[in-house]
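Coordinate inspection notes
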Amino acid sequence: MIIAWVLSLFMLISSLIQILERSVALELIRFDAITSAGKKLIESEKLLLECQENMASVASLNHSHCHIQSVGKNLWLISTKDKPTIEILVFLDEKTKQATRLNWRQEFE
């Protein structure tokens, strides 16, 4: 009877260890996914900022990493070509050629 009780405790402990190993592995995968998604988001934001700063020069628009389209009087919609897709609305002042970001959003598919 005592042997059965000790064996059941060993089986319980071994199943607990397996559960802990799985949860640690899932936590590592989750942390890696969050880190890589954050890095990609920062890279996309840098590309958008570069496109926003170069709005005044038309030559750089042709070679940029962004989709740029006009949506009204002095308003431009800029979005990244790579994932994650971030989209910003920019007001371009004709006199000073300065672009001002009005809002941004992340596009989901």
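Look a little higher up for the structure.
Anyway, here's the lowdown on the structure attached to this text. Numbers given for residues are sequential positions, taken from 1 along each chain in its written order. Predicted model: local features are reported for residues with pLDDT of at least 70 only, side-chain atom pairs are reported and counted for 80 or more only, and whole-chain, interface and lining totals are derived from all residues. In computing side-chain values, all of the structure's heavy atoms are included and hydrogens and water are not.

If you trace the four strands from one edge of the open sheet to the other, you get 1-2-3-4, paired in antiparallel fashion. Two strands bound the open sheet, and with one partner strand each, they are strand 1 (66-72) and strand 4 (99-106). Looking at each pair of strands side by side, their axes are set apart by 25 degrees on average, direction ignored. Here strand 3 (residues 86-92) runs beside strand 4; their pairing, made up of seven bridges, is antiparallel. Any two strands between which DSSP finds at least two bridges are classified as paired. For helices the rule is a DSSP run of H or I covering at least 4 residues; for strands it is a run of E covering at least 2, with both sets numbered from the N terminus onward. Only the stretch in contact is used when a helix axis is fitted, and all axes are lines through C-alpha atoms; the angle between N-to-C directions ranges over 0 to 180 degrees.

This part covers the side chain of T80. Position of T80 among the secondary structure elements: in strand 2 (residues 75-80). The buried label applies to any residue whose accessible area, calculated with a 1.4 Å probe on protein chains only, is under 20% of its type's maximum; exposed applies above 50%, and partly exposed to all values in between. With a relative accessible area of 3%, T80 lands in the buried category. Distance and chemistry together define a polar contact, namely a pair of N or O atoms within 3.5 Å, with one atom able to donate a hydrogen and the other to accept it when in protein, and with adjacent residues in sequence counting only for side-chain atoms on both sides. Within the structure, T80 has its side chain in polar contact with the backbone oxygen of D82 (distance 3.3 Å). For T80, the side chain forms a polar contact with the main-chain oxygen of P84, separated by 3.3 Å.

Attention now goes to the pattern of salt bridges. For salt bridges, the criterion is a side-chain nitrogen of Lys or Arg within 4 Å of an Asp or Glu carboxyl oxygen. This structure, assessed with the given rule, holds four salt bridges. For the salt bridge of R30 with E27, the shortest nitrogen-to-oxygen distance reads 2.4 Å. Note that R30 and E27 are positioned in helix 1 (residues 2-53) at a spacing of three residues, about one turn of the helix. Overall, the relative accessible area of 43% leaves R30 in the partly exposed class. With relative accessibility at 40%, the residue E27 sits in the partly exposed group. One salt bridge in this structure joins E45 and R101, with 2.8 Å as the shortest N-O distance. One end of the pair, E45, is in helix 1; the other, R101, is in strand 4, with 56 residues separating them in the sequence. On the basis of relative accessibility, which here comes to 25%, the residue R101 falls in the partly exposed class. Each member of the salt-bridge network shares a partner with another, and the members are E87, R105 and E107.

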